[in-house]
Each structure stands twice: as C-alpha cells, then as structure tokens.
Amino acid sequence: MENKSRIKMSLQNISKSFHSRKETQEAVADVSFDVYENEFLVILGPGQCGKTVLLNMIAGLESPTTGKMLYEGKEYHGVNDGFGLVFQKTALMDWMTVMENVEFGLKIKKMPKEERRAIAQKYIDLVGLNGFEDKYPRQLSGGMKQRVGIARAYSTNPGVLLMDEPFGALDAQTRYLMENEILRIWEQDKRTIVFVTNNIEEAVTLGDRIILLSACPARVKDIYIPDLPRPRDNISTEFLRIREEIEANTDMAL
Amino acid sequence: MNQTKEILKTIGFTMLSIGLFLVLWTFLAVRNPDFLPSPLICIEKLGQMMGRPISRVSLGGHILSSLRRVLLAVFFATLIGLPLGLAMGWSRKVNAFVAPIFEFLRPIPPIAWIPLVILWFGVGEVSKVFLVTLGAYVPILMNTVTGVKMVPPVLLNVGRIYKASNVQILREIVLPAALPAIFAGVKTAVSSGWMIVLAAEMMASRSGVGFLINRGMEAYDVAMIIVGMCIIGVVGYLISIVLTFLERRLCPWKTNLE
Ligand SMILES: Nc1ncnc2c1ncn2[C@@H]1O[C@H](COP(=O)(O)OP(=O)(O)OP(=O)(O)O)[C@@H](O)[C@H]1O
Ligand SMILES: [Mg+2]
C-alpha cells in the first residue's frame, strides 16, 4: 500500500441528530476515524444507518451536532474545495449534456470556457465516455450516468473524493464492471477516495481499509484491512474469509 | 414498412373523423337551414370574406389583430408571472406575502373585470390587452411556482457543493429545471388568452375575430358567425402546434432524444 503515515483528513467524535417536534433521532453517533492520503477507504454500513448523513457532513452540506472535522490538519466548517462528491442518486442535470454536466463545477467557479472544456474532456476520457459528450443523461445507461457523476466530481481536482453508494442502483453485471472501472480510474489518477456502500462483497473488492458501521445510529463497529493484492479474486480463500468475518459482525443481513 | 402502414392508418382515422363531422353538420344543416348553414355555404362565405375587407380590414388582418393582442398580453403576463413565480417558489416569505392576494384574485374571471377595465382604460387596445393579461398570468405564475418547488433538493446540493451563489443556483439550476413546467404554463396562457381576447373583442372592437362574430350577429349572418368560430378553432389548433414545436427547441432534453 501507499505511505499510510500521512493523514489527509480526520473525523473526531462526530455526531448528528435530527430534531423534530416529537422526538430526537440520532443518525450518527460519535464517529472518529482518519483517512490516509491516496487510500481507498470504504465505509460499509447497513441501509438507513446514516451513511449519507455522514458523507454529507464531510462534504459540508450538513453540519455535525458535535465533533470536529479536519482537512489536511486544519479544522473546517461547511463546504470545502478539498472534497468532490459523487451523489447516491446520480444528481445529473437533465437539461445539460454530458460535457455540460462534467464542466458544471468549473463553470460555477467562473473558469473560462475553453479552459474548463479541456479539463472536462480529460475526465470524460478518464471515465471512458469519449464520444458521448453531447448526449443528454436520459440517453445514457445507469452505469454511464454514474461515470458522468464521477467525472464531474473529479473535474474540480479535489483532494478527497466522496462516493455515496455510486453503484447501488446498478444491476449486478454493470456493478461488477464499474467496480473494476473505479479501481482503474483510481490507479490512473491517484487520490484519496472515501467510498460508501452497503454491499460487503463490494467493500472487500475495493477497500484498502473497510470501516464497518453499526445500524442506526451509525457508530464505528470495526475496521478491516484486507491484505489482498489487486485485482482481487472474489473466490480466493482470504477474500471469502474476510467476507464471512464481516458478515458475522454485521448488524443485519445485507 | 410497418411504420408507413401505421402512419397511413392514423391519417385514415383523422380523415374519417373529419368526414363524419362534416356529414353530421350537413345533415343537421339541411333540416334547419335558417339556424345552421351547411359547410358548403360556410366555405362560400369564407371565400367572400377573404375577397373583400370587412370594416376596411382584411380577414388576415382581423386574425392578426387578435393574435397580436394575445401575444402582447402573454408577453406582459410572462414579465409579471415568471419573476413573481420564481420568487414565490424560492422564498417562503415572498410566498406568504403574495399568495393570499393571488388566491383571492385568481377566481375572479377576466370577464368580470370588463366594466372596471372600460371605466379605467376605455374600450381601446389597452383594455383588451389588459383583460387578456389578467387571464394569462395565472397559469404562468402557478406553473412557475410549482416548477421551482419541484426542483429535486439533491440538484441544489450539487450547486452548494461548488459554492454556487444564490443567483447562480437560480440561473443554472432552478430556472432550467423548472423550464418545462414554466413553458407548459405559457402554453396554457396562450390558449386561454386566445379565448379571452375573443370575449373582449365581442364587447367592443373594430377588428379581430371576435368582432367578426359580433358583426355576423348584428347582420343575422349565421354563416359569418360560424366562419368566425371555425377560425377560432383552426387558429387555436395552429397555435398549439407552433408552441409544441417551440417547446422542442427550448427543452431539447425532454423531446429530442433518439
Ligand atoms: N434532514 C433529515 N431530517 C431528519 N432525519 C433525517 C434527515 N436526513 C436523514 N435523516 C434520517 O437519518 C437516518 C439515516 O439516513 P441516511 O440517508 O444517512 O441513511 P443511509 O445509510 O444513507 O441509507 P441508504 O442506505 O438508504 O442510503 C434515516 O433514518 C433518515 O430518516
Ligand atoms: Mg444513503
């Protein structure tokens, strides 16, 4: 693995509760972990356990009720340019072509058109969408839409990419393909990835480390470090052993 | 091959429907010629009206004069309805401020305004355009509000992630996301405007399709009344075709997908 000593970002005692008139619902409870530079970190948790809330807090879209978040050693609040986010539901703009979707963040940042087109093109090529620049999202398959979302997140050159169950809505075949694709992209353009999933197999296939969350509210239950060479063979004994170990420790059948 | 067959079938049904309509019309007309002239007589009348100006305005001129009023009114209605709708859909405060007045004014049909409008603006162009505007801004405003409220929150988050300003979020996300709904509102505005303008013209006017019908009524010229009504129908139909075409151009992501 990479040099794990450098900490890219950390969460310290992060909690989040939602208050309604009748009750207080705790979604995330006292979560702390570090994310190392250039690692592929997987956050694995059962459905509705608070994964999206946790990722949205890191991205700055929601603020934690308690706790501290650090990026490159500095505490931050709110949206931070260091992060890119791939949304759980693709969140593409229907009215924009693939190119326009990918360059969206740069356009908001008022980068001149030619410059941002060149950058967007680079990431469109990286995710394998060359030739689809002028298509609208409705003309794309589920896997291709997620590629657009990934390219858009990359476009602003963030230090950490947050991915919220990007392949959750895909069929098994496409999902398997996209898992390989995301590893290829990560190898080709190395940066830190925080990847959320509820799928144990996906977690073991992808993660340098796997942080297992409990059911609601989300707490860190355990951390696994699959010492498996890539590409990983999902029927090797070591793969299956880790998978079973996580399965036994999980709060509900995934 | 199969497709051509399907198209021919569709055209066949359309022709059948028009044919049946004309047969029924003729059948009724032959029995009560004084109350309902036959299609042939109406076509003859149409020819007459096309040949000779009515009240110094050609038939096309009358149609254009009605159309001009509608389009002008829809333009003003958009000018009012679109920004107001955006503000109401975006801000709960603006909505709380404007909604009560709007909800109170909305059920009053434009026709009920006629006496007041005549008192304020007389019977000229202004009052006609004003009346149509009164009816046309309603669907534009309502559709804009709904369109803005329906923008998926996750898309707003995409804007926030890139630190978009409120103006950027409105221009780059909210407006285009709501555009199909807004356009549907404009479409409704044009067709209801087309109905209101005729009512306004039948009150007092020296041009327009409503005036033609009125003239027919005064002269006991039933064929002229019917020709006027047919013109309303045909022009209304053409308007909706043009608007559908415009919608395709304006919202290509909705329709132009192969
Ligand atoms: N804005 C909010 N207000 C109130 N409750 C919320 C809010 N956002 C999330 N929650 C609650 O927090 C809990 C965790 O939600 P979250 O979306 O993070 O789960 P998740 O792990 O991402 O689920 P999934 O696997 O379905 O994506 C849920 O019970 C949800 O109802
Ligand atoms: Mg989620």
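What counts, and at which threshold
Residues numbered from 1 in each chain as written. Chains lettered and ligands numbered in written order. Predicted model: local features only at pLDDT ≥ 70, side-chain atom pairs only at ≥ 80, totals over all residues. Heavy atoms only, no water. Contact = heavy atoms within 4.5 Å. Buried area = accessible area lost by both parts, 1.4 Å probe. Salt bridge = Lys/Arg side-chain N within 4 Å of Asp/Glu carboxyl O. Helix = DSSP H or I, 4+ residues; strand = E, 2+ residues; numbered from the N terminus. Nonpolar A, V, L, I, M, F, W, Y, C, P; charged D, E, K, R; others polar. Donors = N, O, S within 2.8 Å, 3.2 Å for Na, K, Ca; no water. Buried < 20%, exposed > 50% of the residue type's maximum accessible area, 1.4 Å probe, protein only. Core = buried A, V, L, I, M, F, W, Y, C linked by side-chain atoms within 4.5 Å. Phe/Tyr/Trp six-rings, centres within 6.5 Å; stacked < 30°, edge-to-face > 60°. Lys NZ or Arg CZ within 6 Å of the ring centre and 35° of its normal. Near = heavy atom within 4 Å. Polar contact = N/O pair within 3.5 Å; in protein donor to acceptor, adjacent residues only side chain to side chain. Areas by Shrake-Rupley, 256 points an atom, 1.4 Å probe, with all protein chains shown as cover. Pairing = 2+ DSSP bridges. Right-handed = clockwise from strand over helix to strand, strands pointing away. pLDDT = per-residue confidence, 0-100.

A. Representation of the interface of chain B and chain A. Listed as interface residues are 20 residues of chain B and, on the opposing side, 27 residues of chain A. With both chains or domains summed, chain B and chain A bury close to 2300 Å², and 67% of this area falls on carbon and sulfur atoms. Considering only the side of chain B, the residues that lose the most area to chain A are Ile161(B), Tyr162(B) and Trp253(B), jointly responsible for 33% of the buried surface there. Taken together, chain B and chain A are joined by two salt bridges. Where the side of chain B that touches chain A is concerned, the elements lending two or more residues are α7 (153–161), α8 (166–203) and α11 (252–255) of chain B. Among the elements that line the side of chain B that touches chain A, the one with the most residues is α7(B), at seven residues. Classifying every residue of the side of chain B that touches chain A by side-chain character gives twelve nonpolar, three polar and five charged.

B. Highlighting the coordination of the magnesium ion (ligand 2). Residue and element names in this part refer to chain A. Coordination of the magnesium ion (ligand 2) by the protein is provided by Thr52 (OG1) and Gln88 (OE1), with metal-donor distances spanning 1.9 to 2.3 Å. Pair noted here: Thr52 is in helix α1 (residues 51–59) and Gln88 is in the loop between β6 (83–86) and α2 (98–102), with a separation of 36 residues, a long-range link. Note on Thr52: relative accessible area 27%, which makes it partly exposed. The partly exposed category is assigned to Gln88, whose relative accessible area is 34%.

C. The nonpolar core, seen in detail. Residue and element names in this part refer to chain A. One finds Leu11, Phe33, Leu54 and Leu162 to be the most contacted residues of the largest nonpolar core, which totals 53 residues. Excluding residues within four positions of it along the chain, Leu162 makes contact with Leu55, Ile58, Ala59, Phe83, Gly84, Leu85, Val86 and Val194. By size, the runner-up hydrophobic cluster in this structure holds 43 residues, among which are Ala153, Leu170, Phe195 and Leu206.

D. Up close: the packing of aromatic side chains. For the structure shown, the criterion picks out 14 aromatic pairs over all chains. When the centroid spacing of 6.2 Å and the interplanar angle of 85° are considered together, the rings of Trp120(B) and Phe121(B) count as edge-to-face. Of the residues examined, Phe121(B) reaches a relative accessible area of 36% and is grouped as partly exposed. Joined through ring pairs, the aromatic side chains of Phe40(A), Phe167(A), Trp186(A) and Phe195(A) make up one cluster. For the cation-ring pair, Lys190(A) lies above Trp186(A), with the distance from its terminal atom to the ring centre recorded as 4.4 Å.

E. Broad picture of the site of ligand 1. Residues and elements named next belong to chain A. Lining the immediate surroundings of ligand 1 are Phe18, Gln25, Ala27, Gly47, Gln48, Cys49, Gly50, Lys51, Thr52, Val53, Gln88 and Glu165. At 3.0 Å, a side-chain N or O of Gln25 approaches an oxygen atom of ligand 1. Here ligand 1 loses 66% of its free accessible area of 630 Å² to cover by the protein chains. The element that contributes the greatest number of residues to the shell around ligand 1 is α1, accounting for three residues. Along the lines of polarity and charge, the residues of the shell around ligand 1 split into four nonpolar, six polar and two charged.

F. The pairing of strand β8 (residues 192–197) of chain A, seen in detail. All names here are of chain A. With respect to burial, β8 is a largely interior element, six of its six residues being buried. Going residue by residue along β8, you find Thr192, Val194 and Val196 tucked away on one face and Ile193, Phe195 and Thr197 tucked away on the opposite face as well. Inspection of the sheet shows strand β7 (residues 160–164) paired to β8 by five bridges, in the parallel sense. Looking at the pairing, Met163 lines up with Phe195 of β8. Remark: the β7/helix α6 (residues 172–188)/β8 crossover connection has right-handed handedness.

G. Region of the structure containing the confidence of the model for chain B. Residues and elements named next belong to chain B. Looking at chain B, pLDDT values average 92 and 98% of them are 70 or higher. Considering each helix and strand of chain B separately, the mean pLDDT is smallest for α11, with a value of 80, and largest for α7, with 96. Predicted complex, confidence summary: ipTM 0.91, pTM 0.86.

H. Focus on the environment of Gly228(B). Residues and elements named next belong to chain B. With respect to the element layout, Gly228 can be found in helix α10 (residues 222–250). The exposure class assigned to Gly228 is buried, which follows from its relative accessible area of 0%. Each C-alpha atom of the pair Gly228 and Leu212 lies 6.1 Å from the other, and the pair is 16 residues apart in sequence. Contacts of Gly228, omitting those with residues within four sequence positions, involve Val209 and Ile213.

I. Fine view of unusual backbone geometry. Residue and element names in this part refer to chain A. Put simply, Cys216 and Pro217 share a cis peptide bond, and its omega is -5°. Relative to the elements of secondary structure, Pro217 occurs in the loop between β9 (209–213) and β10 (220–224). Cis geometry marks the peptide bond from Arg230 to Pro231, where omega comes out at -5°. The residue Asn13 is not glycine, and still its phi comes out positive at about 50°. Within the secondary structure, Asn13 is located in strand β1 (residues 7–19).

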